[in-house]
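Take a look at the letters that make up each chain.
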Amino acid sequence: MTTPAAPSAGPPGDYGRLTRIRATQPEEIAAAAARRERRGLPGEGERLLIIAADHPARGALGVRDRPLAMGSRYDLLDRLRLALSRPGVDGILASPDVLEDLLLLGDLEGKLAFGSMNRGGLQGSVFEADDRFTGFDAAAIDAMRLDGGKMLCRIDPSDHATVTTLESCARAVSELARRRLVAMVEPFWSLRTESGALRNDLSPDAVIRSISVAQALGVTSAYTWLKIPAVAEMERVMAATTLPALLLGGDPPDIDAAYADWHRALSLPGVRGLVVGRALLYPPDDDVAAAVDGAAALVREARA
């Protein structure tokens, strides 16, 4: 089977067990985290393929023309488990609830796991630029034996909430670094459109500006990685930093063009791999295995 089954009305198989454990043995989540087999970060010349699954926590459930594509937790878990089972997939980035489900299911053994920290800037809200830390904190990431934390850092010079986001991200970077855990910072230079929607500026100059701010957050950048889009003039963009960078996937309208962009950018020094969610979990033909395998092939080629 290469695609997940259609979502069912009730919890199928293992997913009903998840609810029972949560209701009667919630301590089993911490126990599963304590016994999980871990793996190390990549060595020299290696690249990573990480599956992203923290979008629902920000109310971002849509994929292309499907506004509630990620609305079924059972279907999402099916897709995540299939993706994590494919050769070449190194780990996952997700919010606490998703990581806990996968821990209980045993699907994180030997994988990297990154916890999503700030999900308070709900998609489409008037406070979207106020990216409050409503998920993992550094202490919980350490206690759960995760490999690091990811934070969204949107910078809107016209919104007073941006300074709070910057301060919170800086504090998280520092607290993760004290524990020698990766701080994965996802910066964007953002602006409000005439309709009031918050949009990220993906021009090379804007990405360079956002990188320049993000890489200086915290008391040290020793454990900071960047999560950035693959945009035009990536050679110039990557020249703006000496930090390791992972390319994000987003929700591209043209998946073939996205693969081509990733392929070009993966050859650049400093680019250490991909962090992709919706583009691989909900491909246009719904063949999750083929989409993941295609991305893994790009990463393997870059490793060679």
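Residues numbered from 1 in each chain as written. Predicted model: local features only at pLDDT ≥ 70, side-chain atom pairs only at ≥ 80, totals over all residues. Heavy atoms only, no water.

Under the annotation held in an unreviewed UniProt entry, the protein chain carries the name Deoxyribose-phosphate aldolase and is attributed to Nonomuraea composti.

Right, let's talk about the side chain of Asn118 for a bit. Within the secondary structure layout, Asn118 lies in the loop between strand S3 (112-116) and helix H5 (138-143). Relative accessible area serves as the criterion here: at 1%, Asn118 is assigned to the buried category. A polar contact of 3.4 Å, which involves the side chain of Asn118, links it to the backbone oxygen of Asp131. Side-chain polar atoms of Asn118 contact the backbone oxygen of Leu152, separated by 2.6 Å. Excluding residues that lie within four positions of it along the chain, Asn118 makes contacts with Asp131, Arg132, Phe133, Thr134, Lys150, Met151, Leu152 and Cys169. (Helix = DSSP H or I, 4+ residues; strand = E, 2+ residues; numbered from the N terminus. Buried < 20%, exposed > 50% of the residue type's maximum accessible area, 1.4 Å probe, protein only. Polar contact = N/O pair within 3.5 Å; in protein donor to acceptor, adjacent residues only side chain to side chain. Contact = heavy atoms within 4.5 Å.)

Bringing empty space enclosed by the protein into the picture now. What the rule picks out here adds up to one cavity of 30 Å³ or more. In this structure, the largest cavity occupies an estimated 40 Å³ of space. Surrounding the largest cavity, Arg64, Asp251, Pro252, Ile255, Ala279 and Pro284 form its lining. In the lining of the largest cavity, the residues fall into four nonpolar, no polar and two charged. (1 Å grid on protein atoms, 1.4 Å probe; cavity = no way out; pocket = protein on both sides within 12 Å on 5 of 7 lines; lining within 4 Å. Points joined across faces, edges and corners; volume = space filled by probe spheres on them. Nonpolar A, V, L, I, M, F, W, Y, C, P; charged D, E, K, R; others polar.)

The next subject is the pairing of S3. The buried fraction of S3 is high, at five of five residues. Of the two faces of S3, the one carrying Leu112, Phe114 and Ser116 and the one carrying Ala113 and Gly115 are both buried. Here strand S2 (residues 91-94) runs beside S3; their pairing, made up of four bridges, is parallel. Its bridge partner lying in S3, Leu93 is registered against Phe114. For the segment spanning S2, helix H4 (residues 96-105) and S3, crossover handedness is right-handed. (Pairing = 2+ DSSP bridges. Right-handed = clockwise from strand over helix to strand, strands pointing away.)

Let's shift gears to helix H2 (residues 28-35). Within H2, the full set of buried residues consists of Ile29, Ala32 and Ala33. On an axial view of H2, the arc spanned by its buried residues comes to 100°, and they lie on one face. Across from the buried face of H2, at angles greater than 90 degrees, the exposed residues are Ala34 and Arg35. Along its buried surface, H2 packs onto helix H1 (14-24) and H4. (Arc of directions from axis to C-beta.)

Let us look at the pattern of salt bridges. Considering all chains together, one arrives at 26 salt bridges under this definition. Of the charged contacts in the structure, one is a salt bridge between Asp54 and Lys150, with a shortest N-O distance of 3.0 Å. Of this pair, Asp54 sits in the loop between strand S1 (48-53) and helix H3 (73-85) while Lys150 sits in strand S4 (residues 148-155), placing them 96 residues apart in sequence. Lys150 matches Asp54 in its accessibility class, with the two residues each being buried. The partner of Arg73 in a salt bridge is Asp97, and the shortest N-O contact between them spans 3.1 Å. (Salt bridge = Lys/Arg side-chain N within 4 Å of Asp/Glu carboxyl O.)

Contact pair H3 / H4: the axes reach a minimum separation of 11 Å and the direction vectors enclose 60°. The element H3 and its partner H4 pack so that their crossing is right-handed. Residues Arg73, Leu77, Leu80, Arg81 and Leu84 of H3 form the contact with H4, whose own contacting residues are Asp97, Val98, Asp101, Leu102 and Leu105. Grouping the constituent residues of the contact of H3 with H4 by class yields six nonpolar, no polar and four charged. (Axes fitted to C-alpha atoms, helices over the stretch in contact; angles between N-to-C directions. Left-handed = near helix turned anticlockwise from the far one by under 90°.)

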